[in-house]
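What the coordinates show
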Amino acid sequence: MGLMSKILGGGGTRTTEDYVELDVDDIAAESGEAAMCVRFAEIDGQSATIDIKDAVYDGDMVVADITRLRTKDKTVEHVLDELRQVVHEVGGDIVQKGDDQIIVTPTGVSISREKLGQ
């Protein structure tokens, strides 16, 4: 087995004994309180932006599903305008990923527009 195979794990078969199950509770207890939380939301109308805005003002990042909105509907533009305003106020970032997700970040968190490995 070559050096790269050892590093990348190529070849050979794996068994369940090769993996270690991590207990999330132990990890959370060791790390203490997180400075930022990643929250998930579904936007189905203008009123859904209230909770997202509150989360961003509180310093959390939000990944929002917008598949329930029609892309040509004016509601999408109103929602995006409201979220852009919040991002501008807090110094965060906002990006639309495809036609189905919006990622909104709080102060000091930027979103790269490049995929890793490219």
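What comes next concerns the included structure. Computed from a predicted structure; not experimentally measured. (Residues numbered from 1 in each chain as written. Predicted model: local features only at pLDDT ≥ 70, side-chain atom pairs only at ≥ 80, totals over all residues. Heavy atoms only, no water.)

Some words on the overall build of the protein
Across its full length, the protein holds four helices and four strands. Reading the helices (α) and strands (β) of the protein from amino to carboxyl end gives α-α-β-α-β-α-β-β. Evaluated residue by residue, the protein yields a buried proportion of 26% over its 118 residues. For the protein, the share of sequence-separated contacts (at least 6 apart) that also reach a separation of at least 24 residues comes to 48%. (Helix = DSSP H or I, 4+ residues; strand = E, 2+ residues; numbered from the N terminus. Buried < 20%, exposed > 50% of the residue type's maximum accessible area, 1.4 Å probe, protein only. Contact = heavy atoms within 4.5 Å.)

Concerning the environment of valine 95
Summarising the element assignment, valine 95 is placed in strand β3 (residues 93-97). We classify valine 95 as buried; its relative accessible area is 19%. Taking the C-alpha atoms as reference points, valine 95 and leucine 80, 15 residues apart in sequence, are found 9.7 Å from one another. Setting aside residues up to four positions removed in sequence, valine 95 forms contacts with Gln101, Ile102, Ile103, Ile111 and Arg113.

Remarks on the pattern of salt bridges
Pairing between side chains becomes possible if they bear opposite charge and their charged atoms approach one another. According to the stated counting rule, one finds five salt bridges in the structure shown. For glutamate 42, the salt bridge is made with arginine 68, and the minimal N-O distance between the two is 3.2 Å. With glutamate 42 in strand β1 (residues 38-42) and arginine 68 in the loop between β2 (61-65) and α4 (74-90), this residue pair connects regions lying 26 residues apart in the sequence. With a relative accessible area of 47%, glutamate 42 lands in the partly exposed category. Arginine 68 sits in the exposed class, given a relative accessible area of 57%. Note that lysine 53 and glutamate 82 form a salt bridge whose closest N and O atoms lie 3.1 Å from each other. Of this pair, lysine 53 sits in helix α3 (residues 49-57) while glutamate 82 sits in helix α4, and the two are 29 residues apart along the sequence. You can call lysine 53 partly exposed: its relative accessible area is 22%. (Salt bridge = Lys/Arg side-chain N within 4 Å of Asp/Glu carboxyl O.)

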